[in-house]
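Survey of secondary and tertiary structure
The chain contents come next:
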Amino acid sequence: MDILNAPWRQKYVEQTHKPRTECVFCEILKQDTDQENLVLGRYKHNAVLMNKYPYNAGHLLIIPLDHIDTLEGLTPEARAEMMELASAATGIIGKLFKNQGTNIGINMGKAAGAGIPEHLHTHVVPRWHGDTNFLPVIAGTKQISVDMAEMYQQLKPLFGELLK
């Protein structure tokens, strides 16, 4: 593998980084606008929402209700519920979207790729053969060919009664 070293870009990256003052997930959880925020379900310890910036159509996030940044910071009950929700989400998106595979992942910490490292979240991403093509690799552009509002309407009733 070739590695491109461009140390002069560090100054640019550091200057353009604007730290958040509030946690985006905590702000969503405080609000009573689930449809606007794409929240599919709120449970005892976690919530499920659609990712506003999905890797693929149907990309879901499971977030703890508490502002926690590591798995070990969660109670055993919250961790167990998170895994139950990941399992249920996998089944729901599989039936609805007929995906051929699913990625489930947790990126803890900025170095691990977490875009919001201060609030733990689990990704559930449906995958299809050939869903990665030249656009994201060459052009840095990912095409998502679905209407997010329509997808929300399809998913919301399926998450409404989970774990209750």
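To be clear, the structure that these remarks concern was listed above.
I will try to describe carefully the structure that is included in this document. (Residues numbered from 1 in each chain as written. Predicted model: local features only at pLDDT ≥ 70, side-chain atom pairs only at ≥ 80, totals over all residues. Heavy atoms only, no water.)

What follows is about the overall build of the protein. Looking only at helices and strands, the protein has six helices and five strands in total. Along its sequence from the N terminus, the protein presents helices and strands in the succession α-α-α-β-β-β-α-β-β-α-α. Across the 164 residues that make up the protein, the buried fraction comes to 35%. In the protein, the share of contacts with a sequence separation of at least 24, taken over all contacts with a separation of at least 6, comes to 64%. Summed over all atoms, the accessible surface of the protein reaches about 10400 Å², with 55% contributed by carbon and sulfur. (Helix = DSSP H or I, 4+ residues; strand = E, 2+ residues; numbered from the N terminus. Buried < 20%, exposed > 50% of the residue type's maximum accessible area, 1.4 Å probe, protein only. Contact = heavy atoms within 4.5 Å. Areas by Shrake-Rupley, 256 points an atom, 1.4 Å probe, with all protein chains shown as cover.)

Its location among the elements puts N46 in strand β2 (residues 46-50). Excluding residues that lie within four positions of it along the chain, N46 makes contacts with I62, I63, P64, L65, A78, E81, M82 and L85.

With that out of the way, let us pick up the packing of helix α4 (residues 76-97) against helix α6 (residues 148-160). Think of two packed helices as two axes; the pair is described by the angle between the axes and how far apart they sit. Look at α4 against α6: their axes get within 11 Å of each other, and the N-to-C directions meet at 135°. Viewed along their axes, α4 and α6 adopt a mutual orientation that is oblique. Of the two elements, α4 crosses α6, and the hand of that crossing is right-handed. In this structure, α4 contributes A89, I92, I93, L96 and F97 to the contact, and α6 contributes M151, Q154, L155, L158 and F159. Across the contact of α4 with α6, the residue classes tally to nine nonpolar, one polar and no charged. (Axes fitted to C-alpha atoms, helices over the stretch in contact; angles between N-to-C directions. Parallel < 35°, antiparallel > 145°, perpendicular 65-115°, else oblique. Left-handed = near helix turned anticlockwise from the far one by under 90°. Nonpolar A, V, L, I, M, F, W, Y, C, P; charged D, E, K, R; others polar.)

For α6, with 13 residues, the first-to-last C-alpha span of 18 Å sits near the 18 Å given by 1.5 Å per residue. At Q154, α6 shows its largest kink, close to 30°, and the proline P157 lies no more than four residues downstream. Burial in α6 covers these residues: M151, Y152, L155 and F159. Among the residues of α6, the N-terminal cap falls to D147, whose side-chain oxygen and the backbone nitrogen of A149 are separated by 2.9 Å. (Expected span 1.5 Å × (residues − 1). Bend = angle between axes of the 7 residues up to and from the residue. Polar contact = N/O pair within 3.5 Å; in protein donor to acceptor, adjacent residues only side chain to side chain.)

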